[in-house]
Amino acid sequence: MPITSVDKDLEALTMTVTADFPVPLRRLWDAYADPRQLERFWGPREWPATFTRHDMFPGGRSAYVMTGPDGETSAGWWEFLAVTPPHSFEVLDGFAGPDGEPDRNMPTMRMAFSFEESADGSRLLVRTFFNSADELEELLTMGMEEGLRSALSQVDEVLHDPLPHSPARSQLLNDTQVRISRVIAGSVEDVWQAHRSPELLRRWMLGPDGWTMPVCEVAEDPGDAYRFEWESDEGEQRFGFTGEILESQPPHREVTTERMIGVEGSSTTNELTLTPVDAGTLLNVVITYPDKELRDTVLGTGMVDGMETSYARLESEVLPHP
């Protein structure tokens, strides 16, 4: 059991949980930075979490849903107030309604996570700040302390697994969403720039060998449209995508729509998030489809394999190497 102490200060309206782990500091930090790892322990064992969003930068947000043993759900959100890798981050933590929006009828807490080196590895301190004694009592009655104990008891299992780096992997989040993840050996700034420069995009975003990118019109700001087209070397095949930027928070997050040129139907929403980790940059793309059938059809085309080929090319041929 990694928890070494739980201290409740009724006067200061805080609860501090201390836990020790036999791993380097950066390994523990990356478990919180990577939603694929975080969702394996954020929540009691009986209520595993799924993170549909995880923006670990100041001003970023996270959204998750915990699912109980009988299929019941409880949703929550974080708003990142401060992030200082790999030493600390601070969030507002709250409950969400069925639509994923914050439930203003439920308490919102401030939580500060501190990561320290220790003689045997690393130490985590999680301090929760409550707004009133009544709120503290309410949340403790709801089982907050037991939930934290159960969550942290699962961290060791995650830390002893090898970090998932490459190839790109897909994970079904729900009936309409899939997350594509890949660790890229490069800085967040360089990976972001490689997504914004037409010259660089033409060098790596090509999918399998045998294709060129004759049209590469990059959008700059929310509301701007982009257009990408690919053509086979023989010139016999051609396809493309168009869409617009909905949100942009350089160099960490961009949300775009995407629609295949010349094909009727609804567009998808693509959320790109770049997070610094020990091995480089964790790239996550959460794609939201209009329905499950289209999601499964697109995944069945080998899309993820094509993305992996492009990411491998980005890593080996475009990004600077030390």
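Look a little higher up for the structure.
Analysis parameters
- Position labels on residues start from 1 in each chain and follow its written sequence.
- Given that the model is predicted, a residue must reach a pLDDT of at least 70 before its local features are reported, and side-chain atom pairs must reach 80 or more before they are shown or counted; all residues, however, enter totals for whole chains, interfaces and linings.
- Remark: hydrogens and water are excluded; side-chain values derive from all non-hydrogen atoms of the structure.
- Salt bridge criterion: a side-chain nitrogen from Lys or Arg within 4 Å of a carboxyl oxygen from Asp or Glu.
- By definition, any uninterrupted DSSP run of H or I lasting at least four residues is a helix, any uninterrupted run of E lasting at least two residues is a strand, and each is numbered from the N terminus.
- Exposure is judged per residue with a 1.4 Å probe applied to protein chains only, and the accessible area is read against the type maximum: over 50% gives exposed, under 20% gives buried, and values in between give partly exposed.
- If DSSP finds at least two bridges between two strands, the strands pair.
- Comment: axis = line fitted to C-alpha atoms, over the contacting stretch for helices; angle = value between 0 and 180 degrees taken between N-to-C directions.
- By the convention used here, residues are in contact when the closest approach between their heavy atoms is within 4.5 Å.
- Working definition: a ring pair exists when centres of Phe, Tyr or Trp rings (six-membered ring for Trp) sit within 6.5 Å. Plane angles under 30 degrees give stacked, over 60 give edge-to-face, the rest tilted.
- The rule for a charge over a ring is simple: NZ of Lys or CZ of Arg within 6 Å of the ring centre, and within 35 degrees of the ring normal.
- For the purposes of these results, a polar contact is taken to be a pair of N or O atoms within 3.5 Å, where, inside protein, one atom must be able to donate a hydrogen and its partner to accept one; residues adjacent in sequence count only when each atom of the pair is a side-chain atom.

Any two side chains of opposite charge can pair, on the condition that their charged atoms come close. Throughout the structure, instances matching the rule amount to 24 salt bridges. Here D20 ties to R123 by a salt bridge, and the two come within 2.7 Å at their closest N and O atoms. Of the two residues, D20 is situated in strand β2 (residues 14-21) and R123 in strand β8 (residues 121-129); the sequence distance between them amounts to 103 residues. The partner of R26 in a salt bridge is D30, with the nearest N and O atoms 3.2 Å apart. Within this pair, R26 and its partner D30 are both found in helix α1 (residues 25-33), separated by four residues, close to a single helical turn. Overall, the relative accessible area of 22% leaves R26 in the partly exposed class. What emerges from the salt-bridge pattern is a single network uniting R53, D55, E247, R253 and E271.

Read across the open sheet, the eight strands follow the order β9-β10-β16-β15-β14-β13-β12-β11; overall the sheet is antiparallel. In this open sheet, the two strands that pair with only one neighbour each are β9 (169-172) and β11 (211-217). Adjacent strand axes in the sheet meet at a mean angle of 25°, parallel and antiparallel pairs treated alike. In this sheet, strand β14 (residues 253-260) lies alongside strand β13 (residues 238-249) in antiparallel orientation, the contact comprising six bridges. Residue pairing for β14: Q249 is matched across the bridge by R253. Strand contacts of α1: β15 (268-277) and β16 (280-288), with the helix running at about 170° to β15, the strand carrying the most contacts.

Attention shifts here to the packing of aromatic side chains. The final tally for this structure, using the stated rule, is 23 aromatic pairs. Look at W78 and F113: their rings are 5.9 Å apart centre to centre, the planes differ by 50°, and that puts the pair in the tilted class. Separated by 35 residues along the polypeptide, W78 in strand β5 (residues 73-84) and F113 in strand β7 (residues 108-118) bring together distant segments of the chain. Both residues of the pair, W78 and F113, belong to the buried class. What links up through ring pairs into an aromatic cluster is the set W29, Y32, F41, W42, F51, Y64, W78, F80, F89, F113 and F115. The side chain of R110 reaches across the aromatic face of F129, ending 3.9 Å from its centre.

Let's shift gears to the side chain of T242. Its place among the elements puts T242 in strand β13. Judged by relative accessible area, which is 15%, T242 ranks as buried. At 2.8 Å, the side chain of T242 forms a polar contact with the backbone oxygen of Y226.

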